[in-house]
Amino acid sequence: MSALSQRDPEIARIVEAERVRQVETLEMIASENYASAAVLEVTGSVFTNKYAEGYPGKRYYAGNQHSDDLETVAIERAKELFGADHANVQPTSGAEANMAAYFATVEPGATIMGLSLDQGGHLTHGSPVNFSGRLYNFVPYTVDRESEMLDMAAVRQLAIDSKPKLIVAGYTAYPRKIDFAAFAEVAKEVGALLMVDMSHIAGLVAAGEHMSPVPHANLVTSTTHKTLRGPRGGMILCRAELADAVDKAVFPGTQGGPHLHSIGGKAVAFGEALQPDFKRYARQIVENAAALAEALQAGGFRLVSGGTDNHLILADCNSVGISGLKAQNALQGAGIITNKNTIPYDTRSPFVGSGLRIGTPALTSRGMGPEEMRRVAGWILRVVKDPDGDGVREGVRQEVAEFAREFPVPGITDVQLAAV
Ligand code: DSN
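Here the structure is a predicted model, which means the values were calculated and not measured.

(A) A look at the overall build of the chain. Secondary structure assignment for the chain yields 16 helices and 15 strands. A compact globule built from 420 residues should have a C-alpha radius of gyration of about 22 Å, and the chain, at 22 Å, falls within 12% of that. Counting only C-alpha atoms and orienting by the principal axes, one finds that the chain spans roughly 60 × 60 × 40 Å. When burial is assessed residue by residue, the chain has 57% of its 420 residues classed as buried. Excluding contacts between residues fewer than 6 apart, the proportion of contacts in the chain whose partners are at least 24 apart in sequence is 72%. Of note, the chain has its 39 positive side-chain charges centred 1 Å away from the centre of its 48 negative side-chain charges.

What follows is the structure, given as C-alpha cells:
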C-alpha cells in the first residue's frame, strides 16, 4: 500500500482514477504529453522541500549545495539542447516565462506585436483580459483570410506602421511552419526585438523538425511539458547580452523561490531530448499529424490552412455541421480528448468555437504510428458525424479503451484498469 493511499485514501482514489483515464483514453490535446517515469520521479522528489531564491552560487538561504548542482545541470543541458548562450530554467510556467521576458525587454506601456488569441496566439500575447494586454500596448497581427497562414508582408507593414519595441512570434493553434528568419528581418528593419514563444514546438525544435528560433530571436520562451515531454514548467533562452536582464526579470522581478523539483524534471527531460531516439520521436509526431490530417480530410473535414506541418491540426467543424464545443464534448464521450478552439475569423464565441485542435505528441509517446492515426481518424469521423448518437459514442468509447490499453503510457505502470 502506498504512503498516499494509507494517509489519504480519498486523494489516492482520485489520482488512481486519473491514471486510469490517461491509459484508457486517447489524449489528443496538442499541448499535452506524458512525462517519463524518470521525470515523474524527480518531480515528486525531496527537492519539493527546498527554497532556493537566487541562482547557483548566489542563493539567499543556506543548504543549497545540491540545488546548485541540480539547476546547473538543467541550465547546461538546456543550452546544449537548443544551442543558446544563456538559459533561465526557473519560470514555473509559460505565462511566467513570458511575463519575465516582457519585463526584461520593454517598459510598461510599450508597443508589442503578437498574433491575436482568436487567430492562434496565446493569452499572454496581448489578450485584453491578461496582464500582457493590460500592461502593454499590444498591436495584434492576423493570418491571411484566404490561406489562413502568416503573411509576412502584412506583418512587415503592420510593424512599419505601429513601430513596436518587441515582436512576438510562436503560437498555440497554428498548424504551419513559422519562418523565424523572416520575423527577425522585420524586427531588425523596424528596430524591434524579437521574442519567440516556442512552447508548442520546443520538442520539434530540439529534434531539428522545425526551424530553431534561437539563432534569430533575441529571446525565446517555452514551456517544458508539451512536445518537449518534460515536467510542467517554463524557461527562457537568450543571447548573452540579455542574460542579466532575463535573470533579474525572473528573480526577483516576477518570481520568488524556484520550483526545484520541477527544475530537476526539466534537467531529466533535456537529457532525454538530447538522446538520438528523441529525434525519431519528434519526426514521428509530425508524420503522425500528417497521416491524421490526410485521413480526416478524406473523410470530409476541412482543415484550417489545408493541412499541417507540425504536431497539430485545426479542424473546421463547420465542415461537418457542428461547433467545436459539440465536437469536443461528443469526442470526450467516446474517450477521445481534444479541445475546441476558435479558427481564424471565427464567427462563434471562444466558448463555443468553430474549430477542434487535435495533436499527436501524446499518442506518439505511446508508440502509435500512421496506421493507428488512420484508425483514430475513423473514430473521430464516426463521432462528429453523429454527435448525438449515444450508441455511436458508446461503441467508439469501448473500442477506443480496448485499443488504448495496447499502448503503454510512459510513466504509468500497474494501473488498476476499469472494466470497459
Ligand atoms: N494551454 C496551452 C495550450 O493548450 O496551448 C497554452 O497555454
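(B) View of the site of the ligand. In the vicinity of the ligand, the residues found are Ser 31, His 122, Thr 172, His 200 and Arg 357. Between an oxygen atom of the ligand and a side-chain N or O atom of His 122, the distance comes to 2.8 Å. The contact in question runs from an oxygen atom of the ligand to an N or O atom on the side chain of His 200, over 2.7 Å. Contact with the protein chains removes 63% of the 240 Å² of surface that the ligand exposes when unbound. Here the shell around the ligand is built from residues that sort into no nonpolar, 4 polar and 1 charged.

(C) Here's a closer look at the sheet that holds strand β4 (residues 86-88). Strand order in the open sheet formed by 7 strands is β4-β10-β9-β8-β7-β5-β6, and the pairing between neighbours is mixed. At either margin of the open sheet sits one strand with a lone partner, and together these are β4 and β6 (137-141). In this sheet, neighbouring strand axes are inclined to one another by 20° on average, regardless of whether the strands run parallel or antiparallel. Relative to strand β9 (residues 219-223), strand β8 (residues 193-197) runs parallel, the two being bridged by 3 bridges. Its bridge partner lying in β9, Asp 197 is registered against Thr 221.

(D) Main features of the packing of helix α7 (residues 152-162) against helix α8 (residues 180-190). Relative orientation of the contacting elements α7 and α8 amounts to 20°, with a least axis distance of 10 Å. Considering their axes alone, α7 and α8 lie roughly parallel with respect to each other. In this structure, α7 crosses over α8, and the sense of that crossing is right-handed. Of the residues in α8, those touching α7 at Met 152, Val 155, Arg 156, Ala 159 and Ile 160 are Ala 182, Phe 183, Val 186, Glu 189 and Val 190. Across the contact of α7 with α8, the residue classes tally to 8 nonpolar, no polar and 2 charged.

(E) Structural context of the sheet that holds strand β14 (residues 339-341). Taken in spatial order, the 4 strands of this open sheet run β11-β12-β15-β14, and their pairing is antiparallel. In this open sheet, the two edge strands, each paired with only one partner strand, are β11 (302-303) and β14. The pairing of β11 with strand β12 (residues 312-316) spans 2 bridges and is antiparallel. Paired with Arg 302 across the two strands is Asp 316, which belongs to β12. Strands in contact with helix α12 (residues 276-298) are β11, β12 and β15 (355-359); relative to β12, the strand with the most contacts, it is inclined by about 15°.

(F) Focus on helix α13 (residues 324-333). Those residues of α13 that sit buried are Gly 324, Ala 327, Gln 328, Ala 330 and Leu 331. Residues of α13 that are buried sit in contact with β13 (336-337), β14, β15, α15 (370-385) and α16 (390-405). Remark: Gly 335 follows α13 within two positions and exhibits a positive phi of approximately 85°.

(G) Representation of the nonpolar core within the structure. Within the largest apolar cluster, 55 residues are counted, with the highest numbers of intra-cluster contacts made by Phe 82, Phe 183, Met 198, Leu 228 and Leu 237. Looking at this core, the element that brings in the most residues is helix α4 (residues 65-82), giving 6 residues. In this structure, Leu 237 is in contact with Ala 78, Phe 82, Ala 84, His 86, Ala 87, Met 198, Val 214, Leu 219 and Val 220, ignoring residues within four places of it in sequence. Formed by 36 residues, the second largest nonpolar core is a distinct cluster that contains Met 28, Leu 363, Leu 381 and Val 400.

(H) Spotlight on the packing of aromatic side chains. Scanning all chains against the criterion turns up 11 aromatic pairs. Consider the rings of Tyr 60 and Phe 251, whose centres lie 5.6 Å apart with planes at 65°: the pair is edge-to-face. Of this pair, Tyr 60 sits in the loop between β3 (58-59) and α4 while Phe 251 sits in helix α10 (residues 243-254), and the two are 191 residues apart along the sequence. Taking the relative accessible area as the measure of exposure, Tyr 60 reaches 62% and is therefore exposed.

(I) Region of interest: α16. Along its 16 residues, α16 runs 23 Å from first to last C-alpha, staying within 8% of the 22 Å computed at 1.5 Å per residue. Looking only at α16, the buried set comprises Val 396, Val 400, Ala 401, Phe 403 and Ala 404. Buried residues of α16, viewed axially, fall in a sector of 165°; they line one side. Exposed residues lying more than 90 degrees from the buried face of α16 are Asp 390, Gly 391 and Glu 402.

(J) Expanded view of the side chain of Ser 67. Looking at the element boundaries, Ser 67 is found in helix α4. Discounting chain neighbours no more than four positions away, the residues touching Ser 67 are Phe 47, Lys 50, Ala 52, Arg 59 and Leu 260.

(K) Main features of the pattern of salt bridges. Under the defined criterion, the tally for this structure stands at 16 salt bridges. Arg 59 is the salt-bridge partner of Glu 71, the closest N and O atoms lying 2.8 Å from each other. Of this pair, Glu 71 sits in helix α4 while Arg 59 sits in strand β3; the two residues are 12 residues apart in sequence, bridging distant segments of the chain. For Arg 176, the salt bridge is made with Asp 309, and the minimal N-O distance between the two is 2.9 Å. With a gap of 133 residues between them, Arg 176 in the loop between β7 (166-169) and α8 and Asp 309 in the loop between β11 and β12 connect regions that are remote in the sequence. Residue classification places Asp 309 among the partly exposed positions, given a relative accessible area of 25%. Taken together, the salt bridges that share partners define one network made up of Arg 59, Asp 68 and Glu 71.

Cut-offs and rules
Residues numbered from 1 in each chain as written. Predicted model: local features only at pLDDT ≥ 70, side-chain atom pairs only at ≥ 80, totals over all residues. Heavy atoms only, no water. Helix = DSSP H or I, 4+ residues; strand = E, 2+ residues; numbered from the N terminus. Rg over C-alpha atoms; globule rule 2.2 N^0.38 Å. Buried < 20%, exposed > 50% of the residue type's maximum accessible area, 1.4 Å probe, protein only. Contact = heavy atoms within 4.5 Å. Lys, Arg positive; Asp, Glu negative; His and termini not counted. Charge placed at Lys NZ, Arg CZ, Asp CG, Glu CD. Near = heavy atom within 4 Å. Polar contact = N/O pair within 3.5 Å; in protein donor to acceptor, adjacent residues only side chain to side chain. Areas by Shrake-Rupley, 256 points an atom, 1.4 Å probe, with all protein chains shown as cover. Nonpolar A, V, L, I, M, F, W, Y, C, P; charged D, E, K, R; others polar. Pairing = 2+ DSSP bridges. Axes fitted to C-alpha atoms, helices over the stretch in contact; angles between N-to-C directions. Parallel < 35°, antiparallel > 145°, perpendicular 65-115°, else oblique. Left-handed = near helix turned anticlockwise from the far one by under 90°. Core = buried A, V, L, I, M, F, W, Y, C linked by side-chain atoms within 4.5 Å. Phe/Tyr/Trp six-rings, centres within 6.5 Å; stacked < 30°, edge-to-face > 60°. Expected span 1.5 Å × (residues − 1). Arc of directions from axis to C-beta. Salt bridge = Lys/Arg side-chain N within 4 Å of Asp/Glu carboxyl O.

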